Amino acid sequence: MMLVTAIVKPFALDDVRSGLETLDVTGMTVSEVSGYGRQRGHTEVYRGADYHVDFVPKVRVEVVVDDVVVEKVIETVLSAARTGKIGDGKVWVTPVETVVRVRTGERGADAL
């Protein structure tokens, strides 16, 4: 099993969720986060004055999936969240040793 974590722009969340549902990903965790990458935020103009936004709002999507669908999950997130502009986000994969469903005590793939 793998934990796939994606940081995407907030407006891409619905497309990411819809894409993952077509892969039968049954659960996900979504968090509102903020941060920056290489661009180190951006500058905006408000009432004629420039101000720098250090931390850009993003959404973190986390799903634990079976190893066989990891690449499909990554491709789905990429196709749903890619605009081709700076700040589209990141995706990374982390190994998961086990998963336990709290309600039933099921472990491993049965708990997904």
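You'll find the structure just up there.
In this text the structure is predicted, and so the values were computed from the model without any measurement.

Scoring rules and cut-offs
- Residues numbered from 1 in each chain as written.
- Predicted model: local features only at pLDDT ≥ 70, side-chain atom pairs only at ≥ 80, totals over all residues.
- Heavy atoms only, no water.
- Axes fitted to C-alpha atoms, helices over the stretch in contact; angles between N-to-C directions.
- Helix = DSSP H or I, 4+ residues; strand = E, 2+ residues; numbered from the N terminus.
- Parallel < 35°, antiparallel > 145°, perpendicular 65-115°, else oblique.
- Left-handed = near helix turned anticlockwise from the far one by under 90°.
- Contact = heavy atoms within 4.5 Å.
- Nonpolar A, V, L, I, M, F, W, Y, C, P; charged D, E, K, R; others polar.
- Pairing = 2+ DSSP bridges.
- Expected span 1.5 Å × (residues − 1).
- Buried < 20%, exposed > 50% of the residue type's maximum accessible area, 1.4 Å probe, protein only.
- Arc of directions from axis to C-beta.

Put simply, helix α1 (residues 13–22) and helix α2 (residues 70–81) touch, their axes get as near as 8 Å, and they point 150 degrees apart. In terms of orientation, α1 lies roughly antiparallel with respect to α2. Handedness of the α1/α2 crossing: right-handed. Contacts between α1 and α2 involve Asp 15, Val 16, Gly 19 and Leu 20 on the former and, on the latter, Val 73, Thr 76, Val 77, Ala 80 and Ala 81. The residue inventory of the contact of α1 with α2, partitioned by class, reads six nonpolar, two polar and one charged.

Moving on, we come to the pairing of strand β4 (residues 49–53). One ladder, built from five bridges, connects strand β3 (residues 42–46) with β4; its direction is antiparallel. What sits directly across from Thr 43, in β4, is His 52. A loop of two residues connects β3 with β4, the two strands running antiparallel in sequence, and Arg 47 in this loop sits at a positive phi of about 55 degrees.

For an α-helix, 3.6 residues make a turn, and residues three or four places apart therefore share a direction. Taking 1.5 Å as the rise per residue, α2 with 12 residues should run 16 Å; its terminal C-alpha atoms sit 17 Å apart, in good agreement. Along α2, the residues that are buried comprise Val 70, Val 73, Ile 74, Thr 76, Val 77, Ala 80 and Ala 81. The buried side chains of α2 occupy one side of the element, clustering within an arc of 160 degrees when seen end-on. Across α2 from its buried face, at more than 90 degrees, point the exposed residues Glu 71, Lys 72 and Ser 79.

Glancing now at unusual backbone geometry. Positive phi, normally seen in glycine, also occurs at Asp 24, with a value near 65 degrees. By the secondary structure assignment, Asp 24 is in the loop between α1 and β2 (29–35). Exposure remark for Asp 24: the relative accessible area of 63% places this residue in the exposed category. Of note, the phi angle at Arg 47 is positive, near 55 degrees, even though the residue is not glycine. Along the chain, Arg 47 turns up in the loop between β3 and β4. Look at Arg 47 and you get exposed, because its relative accessible area is 76%.

Locating Asp 67 in the fold gives a position in the loop between β5 (56–65) and α2. Using a relative accessible area of 44% as the deciding quantity, one classes Asp 67 as partly exposed. Counting along the chain gives 39 residues from Asp 67 to Glu 106, while the straight-line C-alpha distance between them is 18 Å.

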